[in-house]
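# Descriptive analysis of the structure
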Amino acid sequence: MASWHDGLAAPPRVLISPRPSDVSARGNVLSLRHPRSGDETGYLFIDGQLQEINWFKERYGSWFLGDYVCEDGGLYYCTPVDPIFIFLPTFEAARMSNGKDPGKFRQLDEILYVEGYPGYQQLMDVAEHHMELVCEVKEVANMKFFRLDDSKVLSWLCCKVHNLKEVFPKLGKNYAAQLEKDQLKEAVQMIREYLKDEPWLALLCKKLQLDTNEIINDATTKTNEASFCADSSLAPAPPSESKATNGSAKPSKGRPAKKPKVEVGSKNIKDMFRRVTRSGSGS
């Protein structure tokens, strides 16, 4: 948990993030565009790895932080995210392709200049290392030029789908009993959370011989059901049954847990990291 909240007007927040291999190293909180929605989203860059900041909150709960009681029982935590998902829309726009024209080769400093989002510039080395997997690369006079390649992107996405399918049987009997096509659809729906429907989801579905509209409709149905379960309760639990103790929060009785979500465009996350962003240090 971060201990830099002293003196802030905004209340402290609880953040769980990985420890850097070097104890003296600090992480940077970056504002980047979400690859699907384009909304401003918080990410933590630490130890050379990009982490997605997620948020979870029960209806009732608080945190005991030393002698301080934080009334907001929300929990922020970081999970690794493949940077290629984050860079994909930026590289797609940078090539400026038109119809059958594959577009232009550009240098990384040009591609990663996104107005209002200086955080991309801090990921130059990460982009160079990862985006070679999905780009054509030309080297001229010791300078590298990148252009997104549709066939390479599709191969990479198919690999992601395959890797997810390999994991499903280990998650329980319900997943293991699924038909091959159902597992395929499930994997594509999960990846869709980081993809725009056009062009990537449509191209991926065509490659895998799936119905794009069916994927979109099924995902929408599941989202609506999850939202209903998260917001529904048989009866509100009294605070005494659901307050946090020893730094943790108990779920309310008789109601399902809320689904964690990526923190997008929240004033809380901006208040939480205002000082961190300014000083360039994180958890």
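In what follows, the structure referred to is the one given above.
If you're wondering where the values come from, they're calculated on a predicted model, not measured in any experiment. (Residues numbered from 1 in each chain as written. Predicted model: local features only at pLDDT ≥ 70, side-chain atom pairs only at ≥ 80, totals over all residues. Heavy atoms only, no water.)

## A few points about the pattern of salt bridges
- Under the defined criterion, the tally for this structure stands at 11 salt bridges.
- For the salt bridge of glutamate 110 with arginine 106, the shortest nitrogen-to-oxygen distance reads 3.8 Å.
- By relative accessible area, glutamate 110 is classed as partly exposed at 40%.
- Between glutamate 128 and lysine 144 there is a salt bridge, with its nearest N and O atoms 3.4 Å apart. Taken together, the positions of glutamate 128 in helix α3 (residues 124–131) and lysine 144 in strand β9 (residues 143–148) put the pair 16 residues apart, joining distant regions of the chain.
- The exposure class assigned to glutamate 128 is partly exposed, which follows from its relative accessible area of 29%.
- With relative accessibility at 27%, the residue lysine 144 sits in the partly exposed group.
- Each of Arg36, Arg192 and Asp197 takes part in salt bridges that share partners, so that together they form one network. (Salt bridge = Lys/Arg side-chain N within 4 Å of Asp/Glu carboxyl O. Buried < 20%, exposed > 50% of the residue type's maximum accessible area, 1.4 Å probe, protein only. Helix = DSSP H or I, 4+ residues; strand = E, 2+ residues; numbered from the N terminus.)

## Considering empty space enclosed by the protein
- Going through the model one piece at a time under the given rule, you end up with 1 cavity of 30 Å³ or more.
- As for the largest cavity, its lining consists of Pro35, Phe85, Leu88, Pro89, Glu92, Tyr194, Leu195, Lys196 and Trp200.
- Tallying contributions element by element places helix α1 (residues 83–95) first for the lining of the largest cavity, with 4 residues.
- Partitioning the lining of the largest cavity into residue classes produces 7 nonpolar, no polar and 2 charged. (1 Å grid on protein atoms, 1.4 Å probe; cavity = no way out; pocket = protein on both sides within 12 Å on 5 of 7 lines; lining within 4 Å. Points joined across faces, edges and corners; volume = space filled by probe spheres on them. Nonpolar A, V, L, I, M, F, W, Y, C, P; charged D, E, K, R; others polar.)

## Some words on the packing of aromatic side chains
- Throughout the structure, instances matching the rule amount to 5 aromatic pairs.
- Between phenylalanine 91 and phenylalanine 146, the aromatic rings sit 6.4 Å apart at their centres with planes inclined by 85°, giving edge-to-face as the arrangement. Within this pair, whereas phenylalanine 91 is found in helix α1, its partner phenylalanine 146 is found in strand β9, the two being separated by 55 residues in sequence.
- On the basis of relative accessible area, phenylalanine 91 is assigned to the buried category, the value being 2%.
- A relative accessible area of 2% means that phenylalanine 146 is categorised as buried.
- Ring centres of tyrosine 117 and tyrosine 120 lie 6.4 Å apart, and the angle between their planes is 70°; this geometry places the pair in the edge-to-face category. As far as the burial class goes, tyrosine 117 and tyrosine 120 line up, both buried.
- Taken together through their ring pairs, the aromatic side chains of Phe85, Trp156 and Tyr194 make up a single cluster. (Phe/Tyr/Trp six-rings, centres within 6.5 Å; stacked < 30°, edge-to-face > 60°.)

## Description of the environment of cysteine 205
- Topologically, cysteine 205 is positioned in helix α7 (residues 197–208).
- In this structure cysteine 205 comes out as buried when scored by relative accessible area, which is 0%.
- Along the chain, cysteine 205 and isoleucine 215 lie 10 residues apart, while their C-alpha atoms are 8.5 Å from each other.
- Discounting residues that sit within four places of it in the chain, cysteine 205 has contacts with Val188, Leu210, Thr212 and Ile215. (Contact = heavy atoms within 4.5 Å.)

## Considering the nonpolar core
- Among the nonpolar cores identified, the biggest contains 46 residues, and Phe87, Phe91, Met131, Leu148 and Leu157 are the most heavily contacted of them.
- At 7 residues, α1 tops the list of elements feeding residues into this core.
- Apart from residues no more than four positions distant in its own chain, leucine 157 is found in contact with Phe85, Ile191, Leu195, Trp200 and Leu204.
- Core analysis: the next-biggest nonpolar cluster, separate from the first, contains 8 residues, Leu15, Val29, Ile46 and Cys78 among them. (Core = buried A, V, L, I, M, F, W, Y, C linked by side-chain atoms within 4.5 Å.)

## Quick word on the packing of helix α4 (residues 150–167) against helix α6 (residues 180–192)
- Two numbers describe how α4 lies on α6: the axes approach to 9 Å, and their chain directions differ by 120°. As the angle between them shows, α4 and α6 are arranged oblique. Handedness of the crossing formed by α4 with α6: right-handed. Across the interface between the two elements, Leu157, Lys160, Val161, Leu164 and Lys165 from α4 touch Glu180, Gln183, Leu184, Ala187, Val188, Met190 and Ile191 from α6. (Axes fitted to C-alpha atoms, helices over the stretch in contact; angles between N-to-C directions. Parallel < 35°, antiparallel > 145°, perpendicular 65-115°, else oblique. Left-handed = near helix turned anticlockwise from the far one by under 90°.)

## A short note on the packing of α1 against α3
- The interhelical angle for the contact between α1 and α3, taken along N-to-C directions, is 95°, at an axis separation of 10 Å. Taken together, the axes of α1 and α3 are roughly perpendicular relative to one another. Seen from α1, the contacting residues are Pro83, Ile84, Phe87 and Phe91; seen from α3, they are Val126, Ala127, His130 and Met131.

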